[in-house]
Structures are given as structure tokens and as C-alpha cells.
Amino acid sequence: MSRQGFFHVGMLAALLSLAGCASGPGGSIYVPAGGSARAPEPPQTVEDKEVPQVWRKSEQTESREPEQAQRSNKPSYRDAGDELSPAALSLVRDADNLLKNGDAQGAIVRLERAQRIAPRSAEIYFKLSEAYVAGNKLGPAEQFTLKGLSLAGNDTRLQRAGWLLLADIRRARGNVAGASQAEERASAL
């Protein structure tokens, strides 16, 4: 047999073996829509029949609400940001000193460490934003200010400071309309 003949025989064998894999002993694996072939129902235990499990909150019954009422009255992180731990506070003070001495990059490093210690503290995000402004990195400064605003919660003092900081950053970036919107939000508080 020639080389081309071996190639044709090999291809035919591969094609037939693939065609054989596509159908099982019961025929084709294709089940037409609306066909009579139905999958059997999965077996159910006695526990499944008595109490159906509900996985979605929207499908839960009223009996779960008293559990939520028993939770602590402490505000969630959306209502108020984290308080600064002594370690984070020390890092913020170090960063303030570095900023006063003109070392914006050193301040950013300290504040990023403080942010890892207290990741939900709006004050740290605002300080990070100020450090990025001092380093003339206005893009990250705006993003950190927005993150700090999202964590400020109901603290109007922090919110006002954040919106004014955002207005200054946007103005420095040339976004006058965004700056005026931020100032309006600050004055509304």
C-alpha cells in the first residue's frame, strides 16, 4: 500500500471510531424537545419530603426574621467605618510627618500599611488620597477618595470632608463639572 493509502485508511478508522462514540447502545444521545424520553426523578429521602430546604433569601419563610432582630445594635461598616487601631493610628501619624517633610512616596507606603490594618476606615482612604495628591497622582487620589466616601457611612463630618477633597482633586484634573457636583454634595450635608 502506498503512503496515501495508509493515510486514507487511518482517517477512515478515526472517523468511524468517533462516529461509534457518538451513539450508545440505546441509539443517539440527542433527545428532541418535547420527546417522550424523560429523565427519572431523583430519589428523595424522608427528610427531603418533610422540610424543603430553601437556598434563596427571597424564598425564606418569616421564621428567620427573629434571628436577625437578635443581632447586635452595633452599626455595620456601611453605617460607620472602622475605628483606627493604635498601630494604624501610629502609621497615619508617621505619614503625616512624612507629608510635612515632602516625602509623598514614604507617606503612601505608611498609609497603605495602615489601610491593610484597617481596610474599612474612611480616614485612611482620605489620607491616602491626600498623599497621592501631594505626589501629583490625581487618578489614584480620586479613586481613594471615592472609596473613602463609600465607607464614611452616616458620619456627615467625614462625608463633607471627602466631598470637598474630591472637588479639589477633580478641579485639579480639569473636571470642573465634577468638582461643582462634589461641592454641591458637600453643601447638602
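Shown above is the structure to which this text applies.
Everything numeric here is computed off the predicted structure, so don't read it as measured data.

Enquirer: So, the overall build of the protein: which residues are in play, and what are the values?
Expert: Of regular secondary structure, the protein possesses nine helices and two strands. Listed N to C, the secondary structure of the protein is α-β-β-α-α-α-α-α-α-α-α in terms of helices and strands. Considering only contacts within the protein whose residues lie at least 6 apart along the sequence, 50% involve residues at least 24 apart. Working note: accessible area of the protein is about 13,900 Å², and carbon and sulfur atoms make up 53% of it.

Enquirer: How would you summarise the packing of aromatic side chains if you had to cite specific residues and measurements?
Expert: A complete count under the given rule lists two aromatic pairs for this structure. Summarising the aromatic geometry, the rings of Tyr132 and Phe144 are spaced 5.3 Å apart at their centres and angled 10 degrees between planes, so their arrangement reads as stacked. In this pair, Tyr132 sits in helix α6 (residues 122-134) while Phe144 sits in helix α7 (residues 138-151), placing the two residues twelve residues apart along the sequence. For Tyr132, a relative accessible area of 10% gives the class buried. Through successive ring pairs, a cluster of aromatic residues spans Tyr125, Tyr132 and Phe144.

Enquirer: Now, about the pattern of salt bridges: what can you tell me, with residues and values included?
Expert: Taken as a whole and judged by the stated rule, the model has six salt bridges. Where Glu142 meets Arg170, a salt bridge forms, and the shortest distance between an N and an O atom there is 3.0 Å. Residue Glu142 is located in helix α7, and its partner Arg170 is located in helix α8 (residues 156-172); the two are separated by 28 residues in the primary sequence. You can call Glu142 buried: its relative accessible area is 10%. Its salt-bridge partner being Arg173, residue Glu142 comes within 2.6 Å of it at the nearest N-O pair. Residue Glu142 is located in helix α7, and its partner Arg173 is located in the loop between α8 and α9 (176-188); the two are separated by 31 residues in the primary sequence.

Enquirer: Describe in detail the side chain of Ser129, supporting the description with residues and values.
Expert: The topology assignment puts Ser129 in helix α6. Residue Ser129 is classed as buried on the basis of its relative accessible area, which comes to 0%. If near-sequence neighbours (up to four positions away) are discounted, Ser129 is found in contact with Ala141, Phe144, Thr145, Leu165 and Ile169.

Enquirer: Account for the nonpolar core, naming residues and giving values.
Expert: Leu111, Ala114, Ala122, Ile124, Phe126 and Trp163 are the most contacted members of the largest nonpolar core, which totals 30 residues. Sorting the residues of this core by element identifies α4 (86-100), α5 (104-117), α6, α7, α8 and α9 as the ones contributing at least two each. When residues in this core are grouped by element, the largest group, seven residues, is from α6.

Enquirer: If you had to explain α9 to someone new, which residues and values would you point to?
Expert: Between the first and last C-alpha of α9 there are 18 Å, a value that for 13 residues agrees with the 18 Å anticipated at 1.5 Å per step. Among all positions in α9, only Gly178, Ala179, Ala182 and Ala186 are buried. Across the axial projection of α9, the buried residues extend over an arc of 100 degrees, all falling on one side. Those residues of α9 that are exposed and aimed more than 90 degrees away from the buried face are Val176, Ala177, Glu184, Ser187 and Ala188.

Enquirer: Talk me through the environment of Asp168; I want residue IDs and the actual numbers.
Expert: Note that Asp168 resides in helix α8. Taking relative accessible area as the criterion, Asp168 reaches 48% and is therefore assigned partly exposed. Between the C-alpha atoms of Asp168 and Ala182, which are 14 residues apart in sequence, the distance is 8.9 Å.

Definitions and limits used
Within every chain, residues take consecutive numbers counted from 1 along the sequence as written. At least 70 in pLDDT is required for a residue's local features to be given in this predicted model, at least 80 for side-chain atom pairs to be given and counted, and no such filter applies to totals for whole chains, interfaces and linings, which use all residues. Hydrogens and waters are ignored; side-chain quantities use all the structure's heavy atoms. Numbering goes from the N terminus for both helices and strands, where a helix is a DSSP run of H or I of at least four residues and a strand is a run of E of at least two. The contact criterion used is simple: two residues touch if any of their non-hydrogen atoms lie within 4.5 Å. Using a 1.4 Å probe, accessible areas were evaluated by the Shrake-Rupley method; residue-level cover was limited to the displayed protein chains. Ring pairs are drawn from Phe, Tyr and Trp, using the six-membered ring of Trp, whenever the two centres fall within 6.5 Å, and their geometry is named by plane angle: stacked under 30 degrees, edge-to-face over 60, tilted for the rest. Only protein chains enter the area calculation, which uses a 1.4 Å probe; residues under 20% of their type maximum are buried, those over 50% are exposed, and those in between are partly exposed. Throughout this description, the term salt bridge denotes a Lys or Arg side-chain nitrogen within 4 Å of a carboxyl oxygen of Asp or Glu. Each nonpolar core is a collection of buried residues, namely Ala, Val, Leu, Ile, Met, Phe, Trp, Tyr and Cys, held together in the definition by side-chain atoms within 4.5 Å. Multiplying 1.5 Å by the helix residue count minus one yields the expected span of that helix. The arc under discussion is defined with respect to the helix axis, by the directions toward the C-beta atoms.

Shape descriptors only; they carry no functional weight alone.
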